[in-house]
Amino acid sequence: MVKLLKNIDLYTGYKHMPDAYIRFSDTILDVGYMADFVPDAEDTVIEEASGRLVVPGFIDVHKHGGYGFDTMDGDPEKLNEMVNLMVTEGITSLFPTTMTQSPENIERALVTIDQVAKTNPVIQGIHLEGPFINKVFMGAQPEEYIVDPDTELLKKWYALSGERIRLVTYAPENGGIPDFEAFMLAHNIRPSVGHSNATREQLTHSRATHVTHLYNAQRPLHHREPGVTGHAMLESSITAELIADGFHIAPDMLELAFRLKGPEQLELITDSMRAEGLGDGVSELGGQKVIVKDKQARLENGHLAGSVLAYDDAFRNIQEMTSADIQAAVQMSSVNQAREFGLTQKGELAIGKDADFNLFNKEDMQLLATYSLGRRFARKN
């Protein structure tokens with residue numbers, strides 16, 4: 001079935017095309033300006049989308065859960081339902097994210113993700129966040145399961161995951177790092193500094209190319225010690241994640257990162273947990289009680305416990321809270337992730353690419369629908 005959206009304001013990822021059209025099935029068949037539009041007898045579903053904004057589907061490489069589900073549940077049916085619900089907030093490619101837990105629980109989660117990914121193409125990789133982190137900056141990760149980087153354990157988990165692990169958060173100041181990093185780089189896994197107390201000096205010897213949730217759960221920027229945050233700001237080889245919910249990072253600090261790193265080196269993430277989409281109340285994260293109030297998720301000790309951020313809100317927030325325009329927001333929500341992780345069919349709206357894109361009301365930037373491999377999903381409010 002050939003589908004057509006007409007009279008759209010289109011951002012391809014690399015180009016802005018006002019008054020355009022897009023023709024697609026499960027992949028994109030044609031993209032062009034309405035001035036050059038020629039009707040095709042093959043067009044079977046035609047949607048007039050005058051005044052609507054179309055951008056590439058979002059790629060979230062750091063998301064634990066939402067809508068009452070969590071990656072660590074280790075339940076194939078629940079995980080599949082969770083992933084499909086996440087499509088309705090604009091996510092067309094997802095790295096389900098694990099957390100620091102017992103080896104048995106992590107292994108069960110990895111096997112489950114691999115099983116679901118075989119039939120659900122939205123899953124494009126796995127983010128292993130912990131347990132190879134530093135207790136000083138453990139955040140909401142349970143302390144009792146934190147261990148030093150272990151190459152043999154990572155090898156085992158990589159195999160159990162069906163070789164789907166693409167991103168590992170770890171603390172490079174801990175032991176066993178050279179072999180650990182070498183294994184990641186040899187197997188197309190991005191090494192990401194996170195939950196780390198590393199100094200700038202220690203990080204100059206690291207091979208990390210990514211920083212997990214910049215500013216959060218890491219040695220902060222200090223005028224006598226740049227820490228993880230300063231290192232990320234200074235190094236052009238590092239891509240950094242941002243949680244743009246207004247709570248994890250103050251708007252001024254979002255703007256600082258945007259000005260220093262630029263949109264080409266930042267990636268929007270949600271880092272959301274089970275309570276996303278459920279409103280205020282009590283939830284849990286890794287067996288820990290979480291209290292959600294006023295769009296914030298906190299442990300009983302007051303620490304932020306991930307977020308309840310939906311991706312379309314992050315896309316809107318980064319434009320409202322910083323000087324980023326739509327093109328920069330597209331860069332940080334789709335283009336960079338596709339490039340960093342080699343998702344060659346994603347991150348751009350061009351002929352032959354997957355038909356993954358989002359339809360927004362341009363006036364108020366509200367998400368109306370998401371197309372994942374050409375299938376339409378309406379936003380659930």
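Residues numbered from 1 in each chain as written. Predicted model: local features only at pLDDT ≥ 70, side-chain atom pairs only at ≥ 80, totals over all residues. Heavy atoms only, no water.

With that out of the way, let us pick up the pairing of strand 5 (residues 52-56). With four of five residues buried, strand 5 is to be regarded as a mostly interior element. Direction of pairing for strand 1 (residues 2-11) relative to strand 5: parallel, over a ladder of two bridges. In the strand pairing of strand 5, Asp9 is matched with Leu53. Pairing analysis gives five bridges linking strand 5 to strand 19 (residues 357-361), with the strands arranged antiparallel. (Buried < 20%, exposed > 50% of the residue type's maximum accessible area, 1.4 Å probe, protein only. Helix = DSSP H or I, 4+ residues; strand = E, 2+ residues; numbered from the N terminus. Pairing = 2+ DSSP bridges.)

Right, let's talk about the side chain of Ser192 for a bit. You can see Ser192 is positioned in strand 12 (residues 190-193). Ignoring sequence-local partners within four residues, the contact set of Ser192 consists of Leu167, Val168, Thr169, Tyr170, His210, Val211 and Thr212. (Contact = heavy atoms within 4.5 Å.)

Mapped onto the present numbering, the UniProt feature "binding site: substrate" (unreviewed entry) falls at Ala140, Asn216, Ala217, Arg224, His248, Leu304, Ala305 and Gly306. Over a stretch of 167 residues, the named residues are scattered through the fold, their C-alpha atoms separated by up to 29.1 Å. Along the chain, Asn216 falls in the loop between strand 13 (210-211) and helix 6 (227-234). Excluding its chain neighbours within four sequence positions, the residues that come into contact with Asn216 are Ile243, His248 and Ile249. Here Arg224 is to be found in the loop between strand 13 and helix 6. (UniProt positions renumbered as here; feature names shortened; annotations may be inferred.)

Moving on, we come to a nonpolar patch on the surface. Taken together, the side chains of Met253, Leu256 and Leu260 make up a nonpolar region of the molecular surface, amounting to roughly 240 Å² of accessible area. With respect to the helices, strands and loops of the structure, Met253 is situated in helix 7 (residues 251-261). Given the relative accessible area of 34%, Met253 is considered partly exposed. (Patch = residues over 30% accessible without salt bridge, like charges linked within 9 Å, V, L, I, M, F, W, Y side chains within 5 Å. Areas by Shrake-Rupley, 256 points an atom, 1.4 Å probe, with all protein chains shown as cover. Salt bridge = Lys/Arg side-chain N within 4 Å of Asp/Glu carboxyl O.)

The next thing to look at is the environment of Thr209. Residue position: Thr209 is located in the loop between helix 5 (200-204) and strand 13. What makes Thr209 buried here is its relative accessible area of 17%. Sequence spacing of Thr209 and Val193 is 16 residues, and the spatial spacing of their C-alpha atoms is 8.1 Å. Not counting residues up to four positions away in its chain, the partners in contact with Thr209 are Arg190, Pro191, Ser237, Ile238, Thr239 and Glu340.

Let us now look at the nonpolar core. Ranked by internal contacts, the top residues of the largest apolar core, which has 83 residues, are Leu128, Ile165, Val168, Leu214 and Leu242. Counting 16 residues, the second-largest nonpolar core is a separate cluster that includes Ile8, Leu10, Met17 and Val31. (Core = buried A, V, L, I, M, F, W, Y, C linked by side-chain atoms within 4.5 Å.)

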